[in-house]
Amino acid sequence: ASVISAPLLEETLMRGIIYSRLKRSTGDVRVAIAGSALIFGIFHGNVVQGVYAFLLGLLFAWLYEAYDRLFPAIAAHMAANAASIFLEKTGWMQWVSGNVSLYYLTTAVLFLAGYLCFREISLSRQREAKHRWKN
């Protein structure tokens with residue numbers, strides 16, 4: 001359910017419906033990506049999953065926008081959920097949750113990764129617009 005059903009349903013709702021409507025209503029891809037990621041984070045119901053889901057929501061929305069197809073976002077979501085379950089079941093991430101400093105450092109790194117993804121989307125759009133202007 002977590003690896004197949006949840007990604008299919010969540011991506012259809014979050015990117016297929018919410019992101020698409022935000023993009024259409026605001027006319028701004030960045031606002032739509034950030035807004036759908038924020039809703040995705042809140043949808044997960046707690047701070048830890050919310051932060052993680054927000055950052056992944058940025059990635060999933062970017063994939064949806066970049067490929068203009070829902071499947072890449074669904075596949076990435078499936079991979080993220082599978083990795084999360086694997087790490088939980090094997091105990092490989094216990095060292096992070098047991099060390100508060102390491103936990104906050106990991107969270108900061110994930111925030112930075114999300115920011116860099118968001119920035120790359122913006123720069124990519126600018127380069128694309130500049131390239132279209134030349135042609």
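Here is a short report on the structure shown in this document. Predicted model only: the values in this text are computed from it and were never measured.

Core analysis: the biggest nonpolar cluster contains 18 residues, and Y19, I33, F40, L58 and F60 have the highest contact counts within it. Of all the secondary structure elements, the ones that give two or more residues to this core are α1 (5-26), α2 (29-43), α3 (47-67) and α4 (71-90). Of the residues forming this core, the biggest block, seven residues, is contributed by α3. Every residue in contact with F40, bar those within four places of it in the chain, is listed here: E10, E11, M14, R15, A53, G57, F60 and H77.

A full pass over the atoms with the stated rule returns three salt bridges. E65 is paired through a salt bridge with K23; the nearest N and O atoms lie 2.9 Å apart. Placement of the pair is E65 in helix α3 and K23 in helix α1, with a sequence separation of 42 residues. Overall, E65 belongs to the buried group, its relative accessible area being 14%. Across the salt bridge formed by R30 and D28, the nearest N and O atoms sit 3.6 Å from each other.

By secondary structure assignment, the location of R15 is in helix α1. With near-sequence residues (within four places) excluded, R15 lies in contact with E10, S20, S36, F40, G57, F60, A61, Y64 and L70.

Once that is clear, we can look at a nonpolar patch on the surface. Residues V3, I4, L8, L9 and I85 make up a contiguous nonpolar surface patch of about 420 Å² in total accessible area. As for its placement among the helices and strands, V3 is situated in the segment before α1. On the accessibility criterion, V3 (31% relative accessible area) is partly exposed.

Within the secondary structure, S20 is located in helix α1. Within the local environment of S20, its side chain forms a polar contact with the side chain of Y64, the two groups lying 3.4 Å apart. Not counting the four nearest positions on each side in its chain, S20 is found in contact with R15 and Y64.

Criteria and thresholds
- Residues numbered from 1 in each chain as written.
- Predicted model: local features only at pLDDT ≥ 70, side-chain atom pairs only at ≥ 80, totals over all residues.
- Heavy atoms only, no water.
- Core = buried A, V, L, I, M, F, W, Y, C linked by side-chain atoms within 4.5 Å.
- Buried < 20%, exposed > 50% of the residue type's maximum accessible area, 1.4 Å probe, protein only.
- Helix = DSSP H or I, 4+ residues; strand = E, 2+ residues; numbered from the N terminus.
- Contact = heavy atoms within 4.5 Å.
- Salt bridge = Lys/Arg side-chain N within 4 Å of Asp/Glu carboxyl O.
- Patch = residues over 30% accessible without salt bridge, like charges linked within 9 Å, V, L, I, M, F, W, Y side chains within 5 Å.
- Areas by Shrake-Rupley, 256 points an atom, 1.4 Å probe, with all protein chains shown as cover.
- Polar contact = N/O pair within 3.5 Å; in protein donor to acceptor, adjacent residues only side chain to side chain.

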